[in-house]
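Read off the chains here:
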Amino acid sequence: MAEIRRRYVFRGRVQGVGFRYTAKHLARSLQLTGWVQNEWDGTVTMEVQGRKTLIDKLLTGIHNNSFIEIDWIDSEDIPLERESGFESR
């Protein structure tokens, strides 16, 4: 199955609630690569690479965290990168 890379920007109650920890833990368990970081405007940006079905599982896991409240998600497909893990920035 082909890999994709997607950039997400999450809006809502997404900082100070364990978003980056949850994303990193789930992404690593699914063997996805990329990164996640807090932004100055209160959003969280995440780039993730792997099979679409696994990325969908990552998003489901993030949504299932009772402390995280996502109001809006912007996403776009971006070019694949060479990397070996998933990091929190």
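Everything here concerns the structure above.
No experiment lies behind these values; they were computed from the predicted model shown.

The rules behind these values
Residues numbered from 1 in each chain as written. Predicted model: local features only at pLDDT ≥ 70, side-chain atom pairs only at ≥ 80, totals over all residues. Heavy atoms only, no water. Helix = DSSP H or I, 4+ residues; strand = E, 2+ residues; numbered from the N terminus. Polar contact = N/O pair within 3.5 Å; in protein donor to acceptor, adjacent residues only side chain to side chain. Contact = heavy atoms within 4.5 Å. Salt bridge = Lys/Arg side-chain N within 4 Å of Asp/Glu carboxyl O. Buried < 20%, exposed > 50% of the residue type's maximum accessible area, 1.4 Å probe, protein only.

**Observations concerning the side chain of Asn 65**
Step number 1: With respect to the helices, strands and loops of the structure, Asn 65 is situated in the loop between helix 2 (52-63) and strand 4 (69-78).
Step number 2: A polar atom in the side chain of Asn 65 sits 3.0 Å from the side chain of Thr 22.
Step number 3: Within the local environment of Asn 65, its side chain forms a polar contact with the backbone nitrogen of Phe 67, the two atoms lying 2.8 Å apart.
Step number 4: Beyond its immediate sequence surroundings of up to four residues, Asn 65 is in contact with Val 17 and Thr 22.

**A look at the pattern of salt bridges**
Step number 1: For the coordinates displayed, the defined rule picks out 10 salt bridges.
Step number 2: Of the charged contacts, one joins Asp 77 and Arg 6 as a salt bridge, the two residues approaching to 2.7 Å between their closest N and O atoms. Linking Asp 77 in strand 4 with Arg 6 in strand 1 (residues 3-13), this pair joins segments that are 71 residues apart in sequence.
Step number 3: Assessed through its relative accessible area of 53%, Asp 77 is described here as exposed.
Step number 4: Close ionic contact of Glu 69 with Arg 13 constitutes a salt bridge, the shortest N to O distance being 3.5 Å. Pair noted here: Glu 69 is in strand 4 and Arg 13 is in strand 1, with a separation of 56 residues, a long-range link.
Step number 5: When its relative accessible area of 42% is taken as the criterion, Glu 69 is described as partly exposed.
Step number 6: Where salt bridges share partners, they join Arg 5, Arg 7, Glu 47, Glu 76, Glu 81 and Glu 83 into one cluster.

**Some remarks on the environment of Ile 78**
Step number 1: For Ile 78, the location among the structural elements is in strand 4.
Step number 2: A C-alpha to C-alpha distance of 19 Å links Ile 78 and Asn 38, two positions 40 residues apart in sequence.
Step number 3: Sequence-distant contacts of Ile 78, that is, excluding residues within four places in its chain, are made with Arg 5, Arg 6, Arg 7 and Glu 47.

**Here we look at unusual backbone geometry**
A negative phi holds for most residues other than glycine; trans holds for most peptide bonds.
Step number 1: Phi is positive for Gln 31, which is not a glycine, with a value near 60°.
Step number 2: In this fold, Gln 31 is placed in the loop between helix 1 (19-29) and strand 2 (33-38).
Step number 3: Of the residues examined, Gln 31 reaches a relative accessible area of 74% and is grouped as exposed.

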